[in-house]
Amino acid sequence: MRFAQICLRQFAVISLSVVFGTALLFWQASNNLSHGEGTASAADSLKAWDKIATVLENPRCLNCHQVNSPLQGDERRLHVPLVVRGEDNLGVPGMRCTTCHSQTGNNPTSSVPGAPHWSLAPLEMNWQGLSPGDICRQLRDPKKNGNRNAEKLVTHFAEDELVGWGWTPGKGRMPVAMPRAELTEHVKTWLAGGSECPK
Amino acid sequence: MITLNINGQNHDLDVEPEMPLLWVLRDRLNMTGTKFGCGVAQCGACTVHVDGESRRSCSTMVGDVVGSEITTIEGLDGKVAKAVQTAWQKLDVVQCGYCQSGQIMSAIALLSMIEKPTDADIDAGMEGNICRCGTYQRIRAAIHEAAKSLA
Ligand code: FES
Ligand code: FES
């Protein structure tokens, strides 16, 4: 009797894992974005991701993809004065991004940086504490990338003005080393090869 | 030529669009109520309102605020401003006074958006205003006092 019960339980556990395992495989596969333009292998895609990841680690990108408060400077310390996300990713009453940052560009007198739609990245796009693989999976998930398909992701990297600030951050701030056009090519390859992500 | 609306009045100014608003206020218009502390958006002494929200005038390019309503400490009006000024006097907030024009501007902006701010709201909203005399406790008490008088 006991033996039969155990067998039954084992069987239930095994069949459940098979069902969930298969579902997980499908779910993961469906999580890769449409491939966009061009052709590339999965290996090309992974290689391209590694190049993209070196750019995302630049403080110009990383500093504002944080949970609650942006970081500041090449040394990535907490923003001084302390500012917090607030309801609209633009700070709280009294301390808004626009209290100091211009939407038109860097300030040549005070050196305070500025660019259009200056803000903290939305919480679902947080990178704080994430591995490159985690960031990769987040970036290809429309629920976490601002509902962007392959084409819109390319546009984001290639044309968004706030992203573009990474190459013209003003005096005293390290710009992104890789030329923007080269980064855009890597993004296209990553997508064309199936938006592959490291473990 | 750049036209700025300050305290309800238009001013035509022959300045570059990148010029800091603080320089225009203090050096061109002789409105010295707004103070220069650091010049790099680190102290809050230069705070003014642009369309009702607090702005560091040392880091505001005048070209960005053409067509906006700029208010300085000299142009304060309305019941929130009154309540803040009264509370400031009642609790004797000011020590040397240097930071206080900026503190008052930030406090009004805060109270205009949050009617009954908590200590946490006050700390977060006033974070960018430094007081070298350390009047922070009195500032916080005066903001609560002003909120109470407005309720
Ligand atoms: S003078 Fe503008 S913040 Fe210090
Ligand atoms: S009262 Fe002296 S700096 Fe604030």
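Keep in mind that this is a model prediction, so the values were computed, not measured.

**Regarding the packing of helix H2 (residues 79-90) of chain B against helix H5 (residues 136-150) of chain B**
When two helices pack together, their arrangement is given by the angle between their axes and by how far apart the axes lie.
Residue and element names in this part refer to chain B.
Next up, step 1: Between H2 and H5, the least distance of the axes is 8 Å, while the angle of their chain directions is 130°. By the criterion of interaxial angle, the relationship of H2 to H5 is oblique. Between H2 and H5 lies a crossing whose hand is right-handed. Side by side, H2 and H5 meet where Lys79, Val80, Ala83, Val84, Ala87, Trp88 and Lys90 of the first sit next to Ile139, Ala142, Ile143, Glu145, Ala146, Ser149 and Leu150 of the second.
Next up, step 2: Partitioned by chemical class, the residues of the contact of H2 with H5 number 10 nonpolar, one polar and three charged.

**Describing the pattern of salt bridges**
Next up, step 1: Counting across every chain of the model gives nine salt bridges over all chains.
Next up, step 2: Here Arg140 of chain B ties to Asp119 of chain B by a salt bridge, and the two come within 3.5 Å at their closest N and O atoms. With Arg140 of chain B in helix H5 and Asp119 of chain B in helix H4 (residues 119-125), this pair connects stretches of sequence that are 21 residues apart.
Next up, step 3: On the basis of relative accessible area, Arg140 of chain B is assigned to the partly exposed category, the value being 23%.
Next up, step 4: By relative accessible area, Asp119 of chain B is classed as partly exposed at 34%.
Next up, step 5: Connected via shared salt-bridge partners are Asp88 and Arg96 of chain A together with Glu53 of chain B.

**Notes on the state of the cysteines**
All names here are of chain A.
Next up, step 1: The final tally for this structure, using the stated rule, is one disulfide over all chains.
Next up, step 2: Between Cys136 and Cys197 runs a disulfide, and the two sulfur atoms are separated by 2.1 Å. Its S-S torsion of about -80° marks the bond between Cys136 and Cys197 as left-handed, since a negative value means left-handed. Taken together, the positions of Cys136 in helix H4 (residues 132-139) and Cys197 in the segment after helix H7 (180-192) put the pair 61 residues apart, joining distant regions of the chain.
Next up, step 3: Among the residues examined, Cys197 registers a relative accessible area of 15% and is labelled buried.

**Regarding the interface of chain A and chain B**
Next up, step 1: Listed by partner, the interface residues are 20 residues for chain A and 23 residues for chain B.
Next up, step 2: Counting the surface lost from both chain A and chain B, the interface buries some 1,800 Å², and carbon and sulfur atoms represent 57% of this.
Next up, step 3: The interface formed by chain A and chain B holds one salt bridge in total.
Next up, step 4: A salt bridge links Glu53 of chain B to Arg96 of chain A; the shortest N-O distance between them is 3.7 Å.
Next up, step 5: In this assembly, chain A and chain B are joined by 10 residue pairs in polar contact (both at pLDDT 80 or more).
Next up, step 6: Along the lines of polarity and charge, the residues of the side of chain A that touches chain B split into nine nonpolar, 10 polar and one charged.

**Some thoughts on the domain arrangement of chain B**
Residue and element names in this part refer to chain B.
Next up, step 1: Splitting chain B by domain gives domain 1 (2-75) and domain 2 (79-150).
Next up, step 2: One C-alpha centre belongs to domain 1, the other to domain 2, and the line joining them spans 21 Å.
Next up, step 3: Taken together, the contact pairs 19 residues of domain 1 with 12 residues of domain 2.
Next up, step 4: For the pairing of domain 1 and domain 2, the buried interface totals around 1,200 Å² over both sides, and the portion due to carbon and sulfur atoms is 57%.
Next up, step 5: Connecting domain 1 to domain 2 are zero salt bridges.
Next up, step 6: Between the two partners, domain 1 and domain 2, sit six residue pairs in polar contact (both at pLDDT 80 or more).

**Some details on the packing of helix H5 (residues 150-159) of chain A against H7 of chain A**
Residue and element names in this part refer to chain A.
Next up, step 1: As a packed pair, H5 and H7 sit with axes 9 Å apart at the nearest point and diverge in direction by 165°. Considered as vectors, H5 and H7 are oriented roughly antiparallel to each other. For the element pair H5 and H7, the recorded crossing hand is right-handed. Residue-level inspection shows Ala150, Leu153, Val154, His156, Phe157, Ala158 and Glu159 of H5 in contact with H7, the latter providing Arg180, Leu183, Thr184, Val187, Lys188, Trp190 and Leu191.
Next up, step 2: Grouping the constituent residues of the contact of H5 with H7 by class yields nine nonpolar, two polar and three charged.

**What about the nonpolar core?**
Next up, step 1: In terms of nonpolar packing, the biggest core is built from 23 residues, with Trp49, Ile52, Leu56, Leu183, Val187, Trp190 and Leu191 of chain A touching the most fellow members.
Next up, step 2: Going through the elements one at a time, helix H2 (42-56), H4, H5 and H7 of chain A are the ones with two or more residues in this core.
Next up, step 3: Here this core gets six residues from one element, more than from any other, and that element is H2 of chain A.
Next up, step 4: Residue contacts for Trp190 of chain A: discarding those within four places in its chain leaves Ser45, Ala48, Trp49, Ile52, Cys136, Leu139, Arg140, Leu153, Ser195, Glu196 and Cys197 of chain A.
Next up, step 5: Core analysis: the next-biggest nonpolar cluster, separate from the first, contains 22 residues, Leu76, Ala81, Trp88 and Met105 of chain B among them.

**Observations regarding the packing of aromatic side chains**
All names here are of chain A.
Next up, step 1: Counted according to the given criterion, the structure contains two aromatic pairs over all chains.
Next up, step 2: An angle of 45° between the planes, with centres 5.2 Å apart, marks the rings of Trp49 and Trp190 as tilted. With a gap of 141 residues between them, Trp49 in helix H2 and Trp190 in helix H7 connect regions that are remote in the sequence. In this pair, the class of Trp49 matches that of Trp190, namely buried.
Next up, step 3: Between Trp118 and Trp165, the ring centres sit 4.9 Å apart and the planes meet at 85°, which makes this aromatic pair edge-to-face. A residue pair is termed long-range when its members are at least 10 positions apart, and Trp118 in the loop between strand E4 (95-96) and H4 and Trp165 in the loop between helix H6 (161-164) and H7 qualify at 47 residues. Accessibility classification places Trp118 together with Trp165 in one group, the buried group.

Here is what the cut-offs are and how they apply
- For every chain, the first residue of the written sequence is number 1, and numbering continues from 1 onward in sequence order.
- For this description, chains carry letters from A and ligands carry numbers from 1, given in the order in which they are written.
- Under the rules for a predicted model, residues below a pLDDT of 70 receive no local features and side-chain atom pairs below 80 are neither given nor counted, while totals for whole chains, interfaces and linings still include all residues.
- Side-chain measures here rest on the full set of heavy atoms in the structure, leaving out hydrogens and waters.
- Every angle, taken between N-to-C directions, lies between 0 and 180 degrees, and every axis is a line fitted to C-alpha atoms, over only the stretch in contact when it is a helix.
- Secondary structure elements follow DSSP: runs of H or I of four or more residues count as helices, runs of E of two or more count as strands, with numbering from the N terminus.
- Each angle gets one of four labels, with under 35 degrees taken as roughly parallel, over 145 as roughly antiparallel, 65 to 115 as roughly perpendicular, and the rest as oblique.
- Crossing handedness: left-handed means the near helix sits turned counterclockwise from the far one by under a right angle, and right-handed means the same turn made clockwise.
- Only heavy atoms matter for contacts: two residues are in contact if any of them lie within 4.5 Å across the pair.
- Each residue is assigned to one of three groups, with Ala, Val, Leu, Ile, Met, Phe, Trp, Tyr, Cys and Pro labelled nonpolar, Asp, Glu, Lys and Arg labelled charged, and all others, Gly among them, labelled polar.
- Definition used for salt bridges: Asp or Glu carboxyl oxygen within 4 Å of a side-chain nitrogen of Lys or Arg.
- With a 1.4 Å probe rolled over the protein chains alone, any residue whose accessible area is under 20% of its type maximum counts as buried; one over 50% counts as exposed, and the rest are partly exposed.
- Any two cysteine sulfur atoms lying within 2.5 Å of each other are counted as a disulfide.
- Two parts placed together each lose some accessible area; with a 1.4 Å probe, that loss summed over both constitutes the buried area.
- Here a polar contact is taken to be a pair of N or O atoms separated by no more than 3.5 Å, where protein atoms must pair a possible hydrogen donor with a possible acceptor and residues adjacent in sequence count only if both atoms sit in side chains.
- Domain limits in this description derive from either an automatic procedure or a database domain assignment.
- To qualify as a nonpolar core, a set must consist of buried Ala, Val, Leu, Ile, Met, Phe, Trp, Tyr and Cys residues joined through side-chain atoms within 4.5 Å.
- Within 6.5 Å between ring centres, the rings of Phe, Tyr and Trp (the latter by its six-membered ring) count as paired, and their orientation is classed by plane angle as stacked under 30 degrees, edge-to-face over 60, tilted in between.

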